[in-house]
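Residues per chain, in single letters:
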Amino acid sequence: MSNISYLEPRPVWEIFEQITRIPRPSKKEAGIIAYLENFANEHNLPYKKDAIGNIVISRNGSPGKETVVLQSHMDMVCEKNSDVIFDFENDPIEAYVTEDGWVKARGTTLGADDGIGMAAALALLISDDKGLPPIEALFTVDEETGLTGAFNLGEGMITGKLLVNLDSEDEGEIFIGCAGGIDTIAQFAYAGEVPGDGFAFFALKITGLKGGHSGDDINKGLANSNKLLARMLLSGQKECGLRLCRIDGGNLRNAIPREAHAVFGVPAKLISRFFEVYENFTVDARVEFSATEPSMDFVVSEEPRQKFFIHHAVQDRLLKALCGLPNGVLSMSGTMPGLVETSTNLASVKQSEKTITVTTSQRSSLDPARFAAAQSVRCVLELAGADVRHSEGYPGWNPNPDSRLLETFTATYRKLFGTEVKVRAIHAGLECGLFLQKYPELEMISIGPTLRGVHSPDERLEISTVQKFWDLLVGGLKNL
């Protein structure tokens, strides 16, 4: 069980610990919705719930002050290490404090994205500070897998014209813009072929990669397990007649994949050649990613005879498409130094009885560039014979550097900490662009404590930054 409620600011950590005990995978938020409703009832706070499950809990504030919307999302990314037994639909997160000042979970994602934002909003709803403005705390469902809550936000759920999003991951920075995104999904139909005699069968597993957020971490030079696996398999196909039986890699559309594995056959007479190819590949991969992936691991093991091979022509087209797909940063912003403008991520490869589904995601702060990236990915997949479709996508959030909300929070940060806060846009997707479509008069900023390894089991929350995040949030609200 988690033991983090003693940390400061105590109201925030106590509520966050409660949240870690509630299973809340995307699209399965019934438990956290019930928690929020009970929270409102226990504290005699009015609340609204729309048809999709979004909740707004309100509190009165200091007379004469404008209502402020505090927004966070209920769901969390559910990722675990392959050797960890954990049921995200039933088990509580096991959070603990590390020796170097972070909070982590044991072998799973922590859910501080965006549980810590929820906790801060809830703590403010019950704060006895008389200087706070009226607050509408908006909690949305299914941010991680489709922005479903933001897309379907009910009419009249919020009345405030100032919105503070609590889903950022860098203390000392205020975000005023974000990338839009779109998914490109391909299906390769395949038939099986009965293996002939003279094959030996093996499994290859790639593990130990860092993974991470496909927006925030896309420029960090991390390895993509799906790309690595495809490169190895294609080399094996070319050099020793490797025949693919099964392939699987990655899980989530918005995460850089950390693990991948395949089962395949190799002609018995070419086994030694296969292991030469394998050894050469692993050496090259370790050199290529020596600076970013020190824990990268490759394991080959023997397998029993398999019932079928994927048809050779489909195997060839699939592996060449996976190797040929663009992946990573495509362009940097020309107006905000250091900001990734456009990127793409080969998120997952999943095999079913008759199809292999390849999921990719494209992001850009410029809509034309986002659509161009998606078109590029689509063309590669269609040339490989796949059936390709795009998701609905979501818009970016265009920065407003003249916002009085931004001015107040930057001045508050300067007064509190004696230094200037950084004002940035973020390459990750936030719900703010969708809110702006529904409420075009909104002024918005996004803040949060420091999180690292988000969307992976390495997710961690820096304890000292939670206090600074809380002080900025309370101070900024009081100074409006």
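Remember, predicted model here, so these are calculated numbers, not experimental data. (Residues numbered from 1 in each chain as written. Predicted model: local features only at pLDDT ≥ 70, side-chain atom pairs only at ≥ 80, totals over all residues. Heavy atoms only, no water.)

K.L.:
Just checking my understanding: could you explain the overall build of the protein chain for this structure?
P.N.:
When its secondary structure is counted, the protein chain shows 11 helices and 25 strands. Here the C-alpha atoms of the protein chain give a radius of gyration of 24 Å, agreeing with the 23 Å that 2.2 N^0.38 yields for 480 residues. Classification of the 480 residues of the protein chain by burial places 58% in the buried group. Considering only residue pairs separated by 6 or more positions, the protein chain has 78% of its internal contacts joining residues 24 or more positions apart. When the accessible surface of the protein chain is split by element, carbon and sulfur atoms take 49% of a total near 19,200 Å². Looking at charge distribution, the protein chain has the averaged site of its 47 positive side-chain charges lying 3 Å from that of its 64 negative ones. (Helix = DSSP H or I, 4+ residues; strand = E, 2+ residues; numbered from the N terminus. Rg over C-alpha atoms; globule rule 2.2 N^0.38 Å. Buried < 20%, exposed > 50% of the residue type's maximum accessible area, 1.4 Å probe, protein only. Contact = heavy atoms within 4.5 Å. Areas by Shrake-Rupley, 256 points an atom, 1.4 Å probe, with all protein chains shown as cover. Lys, Arg positive; Asp, Glu negative; His and termini not counted. Charge placed at Lys NZ, Arg CZ, Asp CG, Glu CD.)

K.L.:
Help me understand the sheet that holds strand β25 (residues 460–462), please; the structure alone is not making it clear to me.
P.N.:
Sheets are built from strands that pair by backbone hydrogen bonding, the pairs being arranged parallel or antiparallel. On the basis of which strands lie adjacent, the open sheet formed by four strands has the order β4-β5-β25-β24 and antiparallel pairing. Every other strand in the sheet has two partners, leaving β4 (95–97) and β24 (451–452) as the edge strands with one partner each. Sheet topology note: the β4/strand β5 (residues 102–105) ladder contains three bridges and is antiparallel. Note that in β5 the partner of Ala-95 across the bridge is Ala-105. (Pairing = 2+ DSSP bridges.)

K.L.:
Even after reading the chapter, I still don't get the pairing of strand β8 (residues 173–178), so can you show me in this structure?
P.N.:
Side chains on a regular strand alternate between the two faces of the sheet. The element β8 is largely enclosed, with a buried count of six among its six residues. Pairing of β8 with strand β22 (residues 422–426), which is carried by four bridges, proceeds in the parallel orientation. Bridge pairing in β22 places Phe-175 opposite Arg-424.

K.L.:
When you look at the pattern of salt bridges in this model, what are you seeing that I'm missing?
P.N.:
Two side chains that carry opposite charge are able to pair once their charged atoms sit near each other. For the structure shown, the criterion picks out 24 salt bridges. As a salt-bridge pair, Arg-424 and Glu-173 come within 2.6 Å of each other at their nearest N and O atoms. Of the two residues, Arg-424 is situated in strand β22 and Glu-173 in strand β8; the sequence distance between them amounts to 251 residues. Each of the salt bridges in this network shares a partner with another, and the network as a whole consists of Glu-66, Arg-404 and Glu-443. (Salt bridge = Lys/Arg side-chain N within 4 Å of Asp/Glu carboxyl O.)

K.L.:
Just checking my understanding: could you explain the nonpolar core for this structure?
P.N.:
Nonpolar side chains tend to gather and get buried jointly when the protein is soluble and globular. Leu-70, Leu-122, Val-164, Ile-447 and Leu-473 are the most contacted members of the largest nonpolar core, which totals 67 residues. In terms of residue count, the dominant contributor to this core is helix α3 (residues 112–125) (10 residues). In contact with Leu-473, not counting residues within four places along its chain, are Leu-70, Ala-120, Leu-124, Val-164, Leu-166, Phe-409 and Ile-447. Judged by nonpolar contacts, the second largest core, of 46 residues, contains Ala-223, Ala-260, Val-266 and Phe-298. (Core = buried A, V, L, I, M, F, W, Y, C linked by side-chain atoms within 4.5 Å.)

K.L.:
What is the right way to look at the pairing of strand β11 (residues 199–207) in this model?
P.N.:
Along β11, seven of the nine residues are buried, which leaves the element largely enclosed by surrounding structure. Here eight bridges tie β11 to strand β15 (residues 260–267), and the two strands are oriented antiparallel to one another. Paired with Phe-202 across the two strands is Phe-264, which belongs to β15. With seven bridges connecting them, β11 and strand β16 (residues 297–303) associate as antiparallel partners. Within β16, the residue paired with Lys-205 across the bridge is Val-299.

K.L.:
I'm lost on the side chain of Ser-364 in this one. Help?
P.N.:
Here Ser-364 shows up in strand β20 (residues 355–364). From its side chain, Ser-364 meets the backbone nitrogen of Leu-366 in a polar contact 3.0 Å long. With sequence-adjacent residues up to four places away left out, Ser-364 is seen in contact with Ala-179, Gly-180, Glu-341, Thr-342, Ala-369, Arg-370 and His-427. (Polar contact = N/O pair within 3.5 Å; in protein donor to acceptor, adjacent residues only side chain to side chain.)

K.L.:
What exactly am I supposed to notice about helix α7 (residues 312–324) here?
P.N.:
Along an α-helix, residues three or four positions apart point the same way, because every turn accommodates 3.6 residues. For α7, which comprises 13 residues, the first-to-last C-alpha distance of 18 Å matches the rise-based estimate of 18 Å (1.5 Å per residue) to within 8%. Taken together, the buried positions of α7 are Val-314, Gln-315, Asp-316, Leu-318, Leu-319, Ala-321 and Leu-322. (Expected span 1.5 Å × (residues − 1).)

K.L.:
Help me out: how do you make sense of the packing of helix α1 (residues 10–20) against α3 in this one?
P.N.:
Think of two packed helices as two axes; the pair is described by the angle between the axes and how far apart they sit. One can describe the packing of α1 onto α3 by two numbers: an axis separation of 8 Å at closest approach and a directional angle of 130°. When the axes of α1 and α3 are compared, the pair comes out oblique. Handedness of the crossing formed by α1 with α3: right-handed. On α3, the residues that touch Pro-11, Val-12, Ile-15, Phe-16 and Ile-19 of α1 are Ala-112, Gly-115, Ile-116, Met-118, Ala-119, Ala-120, Leu-122 and Ala-123. Per-class residue counts for the contact of α1 with α3 are 12 nonpolar, one polar and no charged. (Axes fitted to C-alpha atoms, helices over the stretch in contact; angles between N-to-C directions. Parallel < 35°, antiparallel > 145°, perpendicular 65-115°, else oblique. Left-handed = near helix turned anticlockwise from the far one by under 90°. Nonpolar A, V, L, I, M, F, W, Y, C, P; charged D, E, K, R; others polar.)

K.L.:
Explain the packing of helix α5 (residues 225–240) against helix α6 (residues 271–288) here, please?
P.N.:
Relative to each other, α5 and α6 sit at 150°, their axes nearing to 10 Å. On the basis of their axis angle, the class for α5 and α6 is roughly antiparallel. In terms of crossing hand, the pair formed by α5 and α6 is right-handed. Along the contact surface, α5 presents Leu-228, Arg-231, Met-232, Ser-235, Gly-236, Glu-239 and Cys-240, while α6 presents Arg-273, Phe-274, Val-277, Tyr-278, Phe-281, Ala-285 and Glu-288. In terms of residue class, the contact of α5 with α6 is built from eight nonpolar, two polar and four charged.

K.L.:
What is the right way to read α6 from this model?
P.N.:
With 18 residues, α6 should reach 26 Å at 1.5 Å per residue; the first-to-last C-alpha distance of 26 Å fits that figure. Within the span of α6, buried status applies to Phe-274, Val-277, Tyr-278, Phe-281, Thr-282 and Ala-285. Buried residues of α6, viewed axially, fall in a sector of 130°; they line one side. Facing away from the buried side of α6 by over 90 degrees, the exposed positions are Ser-272 and Val-287. Structurally, α6 contributes buried residues whose contacts are with β11, α5, β15 and β16. (Arc of directions from axis to C-beta.)

K.L.:
Can you help me understand the packing of aromatic side chains in this one?
P.N.:
Each aromatic ring pair is described using two quantities: the centre-to-centre distance and the angle formed by the ring planes. Within this structure, the stated rule accounts for 15 aromatic pairs. Centroid distance Phe-274 to Phe-275: 5.1 Å. Interplanar angle 75°. Geometry classified as edge-to-face. Given the relative accessible area of 0%, Phe-274 is considered buried. A ring pair is formed by Phe-275 and Tyr-278, whose centres lie 6.3 Å apart and whose planes are at 90°; its orientation type is edge-to-face. Of this pair, Phe-275 and Tyr-278 are both found in helix α6, three residues apart, which corresponds to roughly one turn of the helix. Here Phe-275 falls in the partly exposed class, since its relative accessible area comes to 30%. (Phe/Tyr/Trp six-rings, centres within 6.5 Å; stacked < 30°, edge-to-face > 60°.)

Note that all results are geometric; they support no functional claim without further evidence.
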